[in-house]
Amino acid sequence: MLSTETIVQRFLDTKLQVHPEVVRYLAEKGDSDLLERVVSTVPGDTIVVLAQHVPGMGLSKDGTRFLTDPEVEIINGGEGSSGGVLGVTDYLHYFRHRYDHLGGLIRSRCSAMPIEALKKPRYREEKCTIIGLVSEVKSTTKGHRRVDVEDSTGTVAVLFNKDRPGFADAETLLPDEVIGVKGSLSSDGKLLFADQLLRPDIPHSHAPYTSQTPGKAVLISDIHVGSDTFLDDAWERFSEWIRGADISYLLCAGDLVDGIGIYPGQEAELTIKNIYEQYDFLGELLQSLPSRLKIILAPGNHDVVRGAEPQPAIPRKFTGKFPDNCVFVENPALVSLQGVRVLMYHGRSIDDQIGLTPGASYENPSPMMEWMLKRRHLAPTYGRKTPIAADRQDHLMIDPIPEILMTGHVHVMGIVQYHGTLAINAGTWQSQTAFQKQMNINPTPARAVVLDLQTLAPTILDFSGEEMVVLG
Ligand code: D5M
Ligand code: FE
Ligand code: ZN
């Protein structure tokens, strides 16, 4: 152990002043041999001992020392891992993969029977458990929920009674999610009265990983460069703040640019009307951030790639102006920052959840992120607002369980903790658009979430005013 006083005194003894960063570094290292080596090797004309005099301390180009070297691994959704043209039959494989995998998670907690077995007379009015894919969700005239559940052997109708405990969970059921149901079969064997809804879920015992070494990531979303509502002043304040902050990673969960032809009449709301120029402009904005940052960029529905999820990474022909410290990933992508896994998902399925769930609203994305975690799926519903590209594998499942689920798209901030996973929607860098005004969507723009990788504690910074404000 070396105290800061010891270090400062040792340099003063040799008539040297010392930069506070050097003191901090040497104290962290706690290596008295290193201290002696520095004392004996600084050039004779030195007045202040700086980072460049300390072996291994290494100044970055920006004059700021790394607390730790950035350590990024793209676990899933690296450049080029999806995007092939798929045949229609792949939907069979796709849903089969989803059912097998998520059904397996439920199966470990109960013993389920094949749905076709419910036809046998001996199960009538008996307790039964099934696992299947929800094929249809309806409200009955009395306000109960009736869903059809399907496995590879058959289909059964399941009734969730509005007067039973747990009905709120049943109201969040979405077409194409995988569930288990424990219940009693009707006397004609055609209807299962649900007692309990089982979801793949995250176990209560789940303990998130935390980084062993210091490190901070900044999470943002929906920059929308090129739109006349892009908040360039706020971005400039953010940019200046990050240049002086001890941040190793910057992640953006899609809608990097506003795009072209995304909605009717968009042209009139664009300040940059060329898609290449929109990306070039973003590239320039990112050039002025510190080169020590690792910047991880995923696409959203406004970006240039296909809308169907998983969306491929932004192609190289659009990223010529981006600095070398940028990494382009797919939507979704699972990235590890010093071992802390962040699942980045733009969040288009939130539109479907809002459309299909009573009480869900654009004002608060937190419950929707929580339901994604319970379902262990980012976007179960096929054929509504979220286009899904089928594959032999379902890349939209949530497995492994990440430490952080990060979304965007709705332009409204939300943070929620669920069974040890922290879900964060950081909001946007675009002010309210005419369309959002019409839809009564009130964005929370110009916010960034700082995530401490050692504690997983989030801090919300608001750059919308003249002065940056820490919101908590
Ligand atoms: O989405 C920004 C916000 O606007 C998000 O809350 C969804 C909402 N939005 C966008 N387009 C539509 C349509 N067509 N219907 C309903 N809600 C919509 P962004 O992806 O940035 O446009
Ligand atoms: Fe957006
Ligand atoms: Zn979006």
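The following paragraphs examine the structure supplied in this document. (Residues numbered from 1 in each chain as written. Chains lettered and ligands numbered in written order. Predicted model: local features only at pLDDT ≥ 70, side-chain atom pairs only at ≥ 80, totals over all residues. Heavy atoms only, no water.)

1. Observations concerning the nonpolar core
With 37 residues, the main nonpolar core has Ile220, Phe238 and Trp429 as its most contacted residues. At the level of elements, strand S9 (216-220), helix H6 (232-243), strand S10 (249-253), helix H7 (275-287), strand S11 (294-298), strand S12 (326-328) and strand S18 (447-452) are the ones that each hand at least two residues to this core. At 5 residues, the largest contribution of residues to this core is made by H7. Listed in part, the 36 residues of the second largest apolar core include Ile354, Ala379, Met397 and Val410. (Core = buried A, V, L, I, M, F, W, Y, C linked by side-chain atoms within 4.5 Å. Buried < 20%, exposed > 50% of the residue type's maximum accessible area, 1.4 Å probe, protein only. Helix = DSSP H or I, 4+ residues; strand = E, 2+ residues; numbered from the N terminus.)

2. Points about the pattern of salt bridges
Tallying each qualifying case throughout the model produces 14 salt bridges. Taking the shortest distance from any N to any O, the salt bridge between Asp195 and Lys127 comes out at 3.1 Å. Linking Asp195 in strand S8 (residues 191-198) with Lys127 in strand S4 (residues 127-139), this pair joins segments that are 68 residues apart in sequence. Here Lys127 falls in the exposed class, since its relative accessible area comes to 63%. Note that Asp195 and Arg164 form a salt bridge whose closest N and O atoms lie 2.9 Å from each other. One end of the pair, Asp195, is in strand S8; the other, Arg164, is in the loop between strand S6 (154-160) and helix H5 (167-170), with 31 residues separating them in the sequence. Asp195 sits in the partly exposed class, given a relative accessible area of 33%. (Salt bridge = Lys/Arg side-chain N within 4 Å of Asp/Glu carboxyl O.)

3. Overview of the packing of helix H8 (residues 349-356) against helix H9 (residues 366-375)
At a minimum axis distance of 10 Å, the contact between H8 and H9 shows a crossing angle of 100 degrees. Of the possible angle classes, the one that applies to H8 and H9 is roughly perpendicular. Each of Ser349, Ile350, Gln353 and Ile354 in H8 lies in contact with H9, whose residues at this interface are Met368, Trp371, Met372 and Arg375. Residue composition of the contact of H8 with H9, by class: 5 nonpolar, 2 polar and 1 charged. (Axes fitted to C-alpha atoms, helices over the stretch in contact; angles between N-to-C directions. Parallel < 35°, antiparallel > 145°, perpendicular 65-115°, else oblique. Contact = heavy atoms within 4.5 Å. Nonpolar A, V, L, I, M, F, W, Y, C, P; charged D, E, K, R; others polar.)

4. Some thoughts on the layout of surface pockets
Where empty space is left becomes clear once a probe the size of a water molecule has been rolled over the atoms. Approximately 580 Å³ is the volume found for the largest pocket. Every residue lining the largest pocket is counted, 22 residues in all, and those nearest its centre are Asn301, His302, Asp351, His409 and Phe435. The class makeup of the residues in the lining of the largest pocket is 7 nonpolar, 9 polar and 6 charged. Looking at the second largest pocket, its volume works out to about 330 Å³. Forming the walls of the second largest pocket are 20 residues, and the residues nearest its centre are Asn76, Asp394, His395, Met397 and Asp399. Counting only elements with at least two residues in the lining of the second largest pocket, the list comes to helix H4 (90-107) and strand S13 (333-337). Tallied by class, the residues present in the lining of the second largest pocket amount to 9 nonpolar, 8 polar and 3 charged. (1 Å grid on protein atoms, 1.4 Å probe; cavity = no way out; pocket = protein on both sides within 12 Å on 5 of 7 lines; lining within 4 Å. Points joined across faces, edges and corners; volume = space filled by probe spheres on them.)

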